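Breakdown of the fold
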Amino acid sequence: KGLIEGGVDVLLVETVFDTLNAKAALYAIEEAFSELNVKVPVMISGTITDASGRTLTGQTTEAFLIYISHFPLLSVGLNCALGAKKMQPYIKELSEKANYFISVFPNAGLPNEMGEYDEGPSQMASYLDDFLSRKIVNIIGGCCGTSPAHIQAIADLSKNYKPRTYEH
């Protein structure tokens, strides 16, 4: 309620690894909308933990989508956990199955043994170039390890493409 009363443009439920918690968040958002008699766009972004494409609680990307698809979302996507290169098959799956805009906010690769992220802005942008050229995303950004230089590289790259279209 505080965010809505404060005038946010969008609500983002992110880094979802437990869809039951996501469903609770969406329920709370619905309650706030009803109580305040106002709605703002809602985005949701899950996170997968490894190359299996599953959340920490074991759901597949498709199961995550099905579980939250009762809600009128602006977008659904993935963030954190894996770098852009390893997220691509799961973003592609969402793009093929979701009737929402698709978002991706990857890490700058996976953390190294010191917990730092080694993927530079141009390397991250090159992986996202594939997402954009295949028209499987609408909203892109960065998560862990990204810097203003990463976001600038992504912004510069995105100027060369039109976003994904979908039927709604």
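It should be noted that the structure appears before, not after, this text.
The present account deals with the structure reproduced in this document. Throughout, a residue's number is its position along its own chain's written sequence, starting from 1. Only residues with pLDDT of at least 70 get local features here, since the model is predicted, and only at 80 or more are side-chain atom pairs given and counted; chain-wide, interface and lining totals rely on the full set of residues. Where side-chain values are given, they derive from all heavy atoms of the structure, hydrogens and water being excluded.

1. Focus: the sheet that holds strand E3 (residues 75–83)
The pairing of strands in a sheet comes from backbone hydrogen bonds and takes either a parallel or an antiparallel form. Strand pairing requires that DSSP identify at least two bridges connecting the strands. Segments assigned H or I by DSSP are reported as helices when at least four residues long, segments assigned E as strands when at least two residues long, and all are numbered from the N terminus. Reading across the sheet, the 5 strands line up as E1-E2-E3-E4-E5 and stay open at both edges, with parallel pairing between neighbours. Strand pairing shows two members of the sheet lacking a second neighbour, strand E1 (11–16) and strand E5 (139–140), which therefore form its edges. Pairing of strand E2 (residues 42–46) with E3, which is carried by 4 bridges, proceeds in the parallel orientation. Residue pairing for E3: Gly-46 is matched across the bridge by Leu-78. Any two residues having at least one pair of non-hydrogen atoms within 4.5 Å are treated as being in contact. Every axis in this analysis is a line fitted to C-alpha atoms, fitted for helices over the stretch in contact. Angles between the N-to-C directions lie between 0 and 180 degrees. Here helix H5 (residues 121–133) sits on the sheet and contacts strand E4 (101–107) and E5; the angle it forms with E4, its principal contact strand, is near 165°.

2. Looking at the environment of Gln-88
The topology assignment puts Gln-88 in helix H4 (residues 84–97). Accessible area is worked out with a 1.4 Å probe on protein chains only. A residue is then buried under 20% of its type maximum, exposed over 50%, and partly exposed in between. For Gln-88, a relative accessible area of 12% puts it in the buried group. Discounting chain neighbours no more than four positions away, the residues touching Gln-88 are Asp-130, Phe-131, Arg-134 and Ile-136. Only 2.3 Å separates the side chain of Gln-88 from the side chain of Asp-130, close enough to count as a polar contact. Here a polar contact is recorded for every N or O atom pair within 3.5 Å, except that within protein the pair must consist of a potential hydrogen donor and a potential acceptor, and residues adjacent in sequence are included only if both atoms are side-chain atoms.

3. Section: the packing of H5 against helix H6 (residues 148–158)
In the contact formed by H5 and H6, the axes pass within 9 Å of each other and the chain directions differ by 35°. Note that H5 runs across H6; the crossing there is right-handed. Contacts between H5 and H6 pair Pro-121, Met-124, Ala-125, Leu-128, Asp-129 and Leu-132 from the former with Ala-149, His-150, Ala-153, Ile-154, Leu-157 and Ser-158 from the latter. For a crossing to be left-handed, the near helix must be turned anticlockwise from the far one by less than a right angle; the clockwise case is right-handed.

4. Here's the deal with the pairing of E3
The element E3 is largely enclosed, with a buried count of 8 among its 9 residues. The handedness rule is simple: strands pointing away from the viewer, and a clockwise path from the first strand over the helix to the second, make the crossover right-handed. Between the parallel elements E2 and E3, the chain passes through helix H3 (residues 61–68) in a crossover that is right-handed. Read from E3 through H4 to E4, the crossover connection turns out right-handed.

5. Regarding the pattern of salt bridges
Whenever a carboxyl oxygen of Asp or Glu lies within 4 Å of a side-chain nitrogen of Lys or Arg, that contact is scored as a salt bridge. Within this structure, the stated rule accounts for 6 salt bridges. Of the charged contacts, one joins Lys-1 and Glu-35 as a salt bridge, the two residues approaching to 2.6 Å between their closest N and O atoms. Here Lys-1 is found in the segment before helix H1 (2–5), whereas its partner Glu-35 is found in helix H2 (residues 19–36), with 34 residues between them in sequence. In this structure Lys-1 comes out as partly exposed when scored by relative accessible area, which is 46%. Put simply, Lys-159 and Asp-156 hold a salt bridge, and the shortest N to O gap is 3.9 Å. Because the salt bridges share partners, they merge into one network encompassing Glu-62, Glu-93 and Lys-97.

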